[in-house]
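Here is what each chain is made of, one letter per residue.
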Amino acid sequence: MTHETLTADSLKAYPLPVPHEGSKDERGSALVLAGAASVPGAALLAGVATLRAGAGKLKIATVQSAALNMGLAVPEAMVVGLPETSAGDVDAERSAECLFKVTKGCDALLVGPGLIEDGPTTALAMRLLKALPEASFILDAAAVCGLAEHAADVRRHGGRVVITPHAGEMAQLMDRSREAVEADPLDAALAAADLLGTVVVMKGAQTWIVDPRGSRWLYEGGGVGLATSGSGDVLAGLVVGLLARGLAPLPAALWGVFLHGEAGKRLAASVGPVGFLARELSHEVPRLLQVTAG
């Protein structure tokens with residue numbers, strides 16, 4: 001089966017929802033569950049990207065020790081401090097009830113960036129997925145690695161889920177070597193989509209986007225500068241913002257990958273091919289949306 005190349009022209013088949021009333025509610029509500037004490041910036045990067053993608057409301061749930069500073073760094077967001085483990089990660093078990101309350105009314109959730117413990121994070125993601133049958137999800141980083149153990153449950157909800165693994169996370173998910181994933185990332189992505197029934201964004205120098213029905217999209221890449229700390233957190237934030245706006249998982253993944261990559265290209269031209277920061281990517285997105293979406 002052939003693949004489609006992801007370009008601005010190909011995205012015309014997936015127009016973005018256009019808000020008419022000027023209400024932030026019309027652009028959707030997103031929650032970002034991210035950031036351990038050692039990497040609190042993951043929540044900041046993902047949260048800002050969520051807003052730059054056009055989401056109307058943002059909640060950030062992160063470890064209690066980072067919550068106050070997060071609220072000051074992202075004053076546009078409602079920030080919820082969660083119980084944390086001795087290692088500085090979100091305590092999944094003690095945080096569940098709080099999250100069930102604050103996620104009510106959310107249209108889209110991102111779980112995983114900057115979290116440390118794979119098993120508890122994945123289990124918490126599954127509990128939220130079951131508790132919020134109307135919401136869309138993007139699972140990233142620690143929320144991806146252990147999903148194979150929950151494959152049957154994920155498949156039941158897969159029509160509203162995007163996963164965004166890099167090669168290492170895909171290797172853990174599919175019980176393959178990292179070298180095998182890097183040698184054939186499309187095969188790994190197709191296998192994960194078949195196993196889980198989700199849209200899969202297989203990140204790399206070239207990014208593959210596949211869905212369980214077999215469609216395959218290739219984004220040729222935004223340049224080597226995107227291989228920098230925090231870049232994946234920004235991508236995940238863009239996708240959850242687009243999900244909150246009402247896009248289905250596949251279009252949200254396609255738009256997110258394209259905006260992320262094109263932002264990298266713009267920064268490579270204005271700053272240099274390497275050395276720009278992940279935090280700078282989100283600032284390019286509103287202009288890209290204006291040009292691409294019209």
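Below, the structure is looked at part by part.

Procedures and definitions
Residues numbered from 1 in each chain as written. Predicted model: local features only at pLDDT ≥ 70, side-chain atom pairs only at ≥ 80, totals over all residues. Heavy atoms only, no water. Axes fitted to C-alpha atoms, helices over the stretch in contact; angles between N-to-C directions. Helix = DSSP H or I, 4+ residues; strand = E, 2+ residues; numbered from the N terminus. Parallel < 35°, antiparallel > 145°, perpendicular 65-115°, else oblique. Left-handed = near helix turned anticlockwise from the far one by under 90°. Contact = heavy atoms within 4.5 Å. Phe/Tyr/Trp six-rings, centres within 6.5 Å; stacked < 30°, edge-to-face > 60°. Buried < 20%, exposed > 50% of the residue type's maximum accessible area, 1.4 Å probe, protein only. Expected span 1.5 Å × (residues − 1). Nonpolar A, V, L, I, M, F, W, Y, C, P; charged D, E, K, R; others polar. Salt bridge = Lys/Arg side-chain N within 4 Å of Asp/Glu carboxyl O. Pairing = 2+ DSSP bridges. Right-handed = clockwise from strand over helix to strand, strands pointing away.

1. Focus: the packing of helix 1 (residues 41-52) against helix 9 (residues 231-244)
Reasoning step 1: Two elements in contact, helix 1 and helix 9, have axes separated by 7 Å at closest approach and are oriented at 40°. Overall, the two elements helix 1 and helix 9 adopt an arrangement that is oblique. When the axes of helix 1 and helix 9 are compared, the crossing they make is right-handed. Contacts between helix 1 and helix 9 involve A42, L45, A46, A49 and T50 from the former and D233, V234, G237, L238, V240 and G241 from the latter.

2. Some words on the packing of aromatic side chains
Reasoning step 1: Taken as a whole and judged by the stated rule, the model has two aromatic pairs.
Reasoning step 2: Taking 6.0 Å as the distance between ring centres and 65° as the angle between the ring planes, the aromatic pair formed by Y14 and W217 counts as edge-to-face. Taken together, the residues span a long stretch of sequence, with Y14 in the loop between strand 1 (4-5) and strand 2 (29-33) and W217 in strand 10 (residues 216-219) at a distance of 203 residues.
Reasoning step 3: For Y14, a relative accessible area of 24% corresponds to the partly exposed category.

3. Side note on helix 1
Reasoning step 1: If you check helix 1, its first and last C-alpha atoms are 16 Å apart, about what 12 residues at 1.5 Å a residue would give, namely 16 Å.
Reasoning step 2: Listed in full, the buried residues belonging to helix 1 are A42, A43, L45, A46, G47, A49 and T50.
Reasoning step 3: Elements that come into contact with the buried residues of helix 1 comprise strand 2, strand 3 (57-63), helix 2 (64-73), strand 5 (108-111), helix 9 and helix 11 (278-293).
Reasoning step 4: Phi for G54, located one or two positions after helix 1, is positive at around 110°.

4. Notes on the packing of helix 3 (residues 92-102) against helix 4 (residues 118-131)
Reasoning step 1: Following both chains from N to C, one finds helix 3 and helix 4 inclined at 25°, their axes separated by 10 Å at the closest point. Relative to helix 4, helix 3 is oriented roughly parallel. Between helix 3 and helix 4 lies a crossing whose hand is right-handed. For the pair helix 3 and helix 4, contact is made by A92, E93, A96, E97, L99 and F100 and by P120, L124, R127, L128 and A131, respectively.
Reasoning step 2: When grouped by side-chain class, the residues that make up the contact of helix 3 with helix 4 number eight nonpolar, no polar and three charged.

5. Describing the pattern of salt bridges
Reasoning step 1: Here the structure, examined in full by the defined rule, presents 11 salt bridges.
Reasoning step 2: Across the pair R127 and E93 runs a salt bridge whose closest N-O atoms are separated by 3.7 Å. Linking R127 in helix 4 with E93 in helix 3, this pair joins segments that are 34 residues apart in sequence.
Reasoning step 3: Ionic pairing is found between D153 and K130, a salt bridge with its closest N-O pair at 3.4 Å. Pair noted here: D153 is in helix 5 (residues 151-157) and K130 is in helix 4, with a separation of 23 residues, a long-range link.
Reasoning step 4: Accessibility expressed as a relative area gives 45% for K130, which makes it partly exposed.
Reasoning step 5: Here the salt bridges do not stand alone but share partners, grouping K130, D153 and R156 into one network.

6. What to know about the pairing of strand 2
Reasoning step 1: Burial of strand 2 is extensive: five of the five residues sit out of reach of the surface.
Reasoning step 2: On strand 2, burial covers both faces: S29, L31 and L33 on one face and A30 and V32 on the other are all buried.
Reasoning step 3: Of the strand pairs in this sheet, strand 2 and strand 3 are connected by five bridges, and their pairing is parallel. Residue pairing for strand 3: S29 is matched across the bridge by K57.
Reasoning step 4: Assessed by its sense of winding, the connection that carries the chain from strand 2 through helix 1 to strand 3 is right-handed.
Reasoning step 5: Taken together, the four bridges between strand 2 and strand 5 define a ladder with parallel strand orientation. Across the sheet, L31 pairs through a bridge with L109, a residue of strand 5.

Any link to function would need more than the numbers given here.
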